[in-house]
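Reading the structure
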Amino acid sequence: MADQDIYLIKKSSGVDNCPDGKLCLFTNVGFNKVVGDILVISPDIQVDQAQLESYGFILGEGGGVSSVVNNMTQAATLVSGIYLDGQTLAVSAGKEISSLYDYPLGSNSWNDAVRSVVSAPVNEVNLVILAESDFSVGIDERYLFKCKIENNSATTVENVTINVTINNTDIISVSTVPAVTVPANSSVILRIPVTGKAVGSTELVCRLHAPIGVINTGNNVVTTLVHVTEPKPLQVTQQLMSHWKLVWDQPEYIYSYHLVLTSRDEQVSSWELSFVLPEGAEVSPDWLKTNANWIILNIEKSVEGHVYLESRAGHIIGPNQDVPLDIQIIYPGESSDYDVINNLRLEQLS
């Protein structure tokens with residue numbers, strides 16, 4: 001945003017000090033009857049608590065917004081949540097609020113309760129962000145962790161983005177993900193790539209950003225813990241063999257992969273192979289039938305793109321006893337994204 005889109009007037013008071021075409025927040029009632037600060041905001045801007053405080057306008061108990069002047073030609077919105085979420089209070093065009101004590105917020109009032117501001121009218125939605133919890137990756141392993149956004153409202157929300165931050169960037173790196181549309185009364189699943197760099201644990205924080213004019217009454221932030229380990233004793237390597245049309249006049253393709261299951265230290269007679277697939281993909285039912293004598297699909301665990309294949313008797317994996325596995329997967333189309341199966345994991349079953 002431009003330098004003058006938001007600025008602070010120190011030790012000032014009075015409605016007359018709010019410029020035309022601006023939204024002004026006052027730190028004291030009566031438009032700073034006791035002289036205070038004024039934060040001036042241009043139209044069509046949304047700022048959370050950290051952004052507001054970066055201009056020297058400190059929020060919280062005993063400090064913050066006590067009166068408001070809207071000299072814009074459109075409504076503005078005060079928000080109770082620190083991340084542009086929570087309860088809202090509309091301030092219509094041209095309105096002056098001398099004291100936010102007069103506006104109830106639960107059992108209290110809006111005085112000093114504003115944490116975010118939108119200098120525009122808003123629509124409220126209820127988005128809930130959920131993230132895969134307490135997961136692990138190996139050093140140099142690329143892993144797609146699951147982030148799910150549920151839309152519990154009747155409004156489709158476009159251009160929703162997820163920003164991911166890491167407390168310790170020496171342990172793990174993360175890739176950006178594109179914006180998504182979350183349909184009304186539905187959900188989307190994002191797969192966010194992370195790569196292990198060094199052994200250790202760190203918090204990973206996912207923050208949801210809705211477009212301007214949309215306020216989320218759900219949650220905008222979720223935190224998860226990620227552990228980076230040494231390479232695991234059970235490993236899977238993969239190679240794309242070929243792919244072809246499932247039916248000549250239909251869009252689906254079959255992709256064939258050659259996998260090799262290995263164990264570094266011990267013999268494993270009972271094991272589980274897992275991975276994730278994009279929306280619309282599935283392990284070939286014909287392949288499952290053909291290999292049903294030694295591999296079965298765990299239907300209960302295989303949800304939301306996760307696939308779990310469990311071994312039956314035989315096919316022991318050992319230090320000098322690799323197990324080859326040729327697998328076929330049906331995808332909704334043809335893409336280079338399908339050249340690799342993501343999140344291949346091999347685990348010993350008790």
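Before going into details, it helps to say that this report is about the structure given with it. (Residues numbered from 1 in each chain as written. Predicted model: local features only at pLDDT ≥ 70, side-chain atom pairs only at ≥ 80, totals over all residues. Heavy atoms only, no water.)

1. Let's talk about the packing of aromatic side chains
Considering all chains together, one arrives at 8 aromatic pairs under this definition. When the ring of Phe 135 is compared with that of Phe 145, the centres are 5.3 Å apart and the planes differ by 15 degrees; the resulting orientation is stacked. Of this pair, Phe 135 sits in strand S14 (residues 135-138) while Phe 145 sits in strand S15 (residues 142-151), and the two are 10 residues apart along the sequence. Taking relative accessible area as the criterion, Phe 135 reaches 5% and is therefore assigned buried. When its relative accessible area of 0% is taken as the criterion, Phe 145 is described as buried. On the basis of an interplanar angle of 10 degrees and a centroid distance of 4.1 Å, the ring pair of Tyr 331 and Tyr 338 is categorised as stacked. For the pair shown, Tyr 331 and Tyr 338 are each scored as buried. The rings of Tyr 255, Tyr 257, Tyr 331 and Tyr 338 are connected pair by pair, giving a single aromatic cluster. (Phe/Tyr/Trp six-rings, centres within 6.5 Å; stacked < 30°, edge-to-face > 60°. Helix = DSSP H or I, 4+ residues; strand = E, 2+ residues; numbered from the N terminus. Buried < 20%, exposed > 50% of the residue type's maximum accessible area, 1.4 Å probe, protein only.)

2. Describing the layout of surface pockets
Its boundaries defined by the atoms lining it, the largest pocket holds a volume of some 880 Å³. In terms of residue count, the dominant contributor to the lining of the largest pocket is strand S19 (residues 187-196) (6 residues). Here the lining of the largest pocket is composed, by residue class, of 20 nonpolar, 4 polar and 6 charged. In this model, the second largest pocket occupies a volume close to 370 Å³. Lining the second largest pocket are 18 residues, with Glu 141, Arg 142, Gln 235, Val 236 and Leu 344 positioned closest to its centre. Secondary structure elements with two or more residues in the lining of the second largest pocket: strand S23 (234-245) and strand S30 (342-348). (1 Å grid on protein atoms, 1.4 Å probe; cavity = no way out; pocket = protein on both sides within 12 Å on 5 of 7 lines; lining within 4 Å. Points joined across faces, edges and corners; volume = space filled by probe spheres on them. Nonpolar A, V, L, I, M, F, W, Y, C, P; charged D, E, K, R; others polar.)

3. Focus: the pairing of S15
Within S15, 8 of the 10 residues are buried, leaving the element largely enclosed by the surrounding structure. Pairing geometry for strand S13 (residues 127-131) and S15, over 5 bridges, is antiparallel. Bridged to Leu 127 within S15 is Asn 151. (Pairing = 2+ DSSP bridges.)

4. Digging into the sheet that holds strand S1 (residues 6-12)
Read across the open sheet, the 5 strands follow the order S1-S3-S2-S5-S8; overall the sheet is antiparallel. With one partner strand each, in any of the chains shown, S1 and strand S8 (96-97) form the two edges of the open sheet. Inspection of the sheet shows strand S5 (residues 67-70) paired to S8 by 2 bridges, in the antiparallel sense. Bridged to Val 69 within S8 is Glu 96.

5. Considering the pattern of salt bridges
The final tally for this structure, using the stated rule, is 9 salt bridges. In this structure, Asp 37 engages Lys 10 in a salt bridge whose closest nitrogen and oxygen atoms are separated by 3.3 Å. Of this pair, Asp 37 sits in strand S3 (residues 36-41) while Lys 10 sits in strand S1, and the two are 27 residues apart along the sequence. Salt-bridge contacts for Lys 146 lead to Glu 304; the nearest nitrogen and oxygen are separated by 2.8 Å. With a gap of 158 residues between them, Lys 146 in strand S15 and Glu 304 in the loop between strand S27 (295-297) and strand S28 (306-311) connect regions that are remote in the sequence. One salt-bridge network, held together by shared partners, links Lys 146, Lys 148, Glu 150 and Glu 304. (Salt bridge = Lys/Arg side-chain N within 4 Å of Asp/Glu carboxyl O.)

By themselves, these are just geometric observations and shouldn't be taken as functional.
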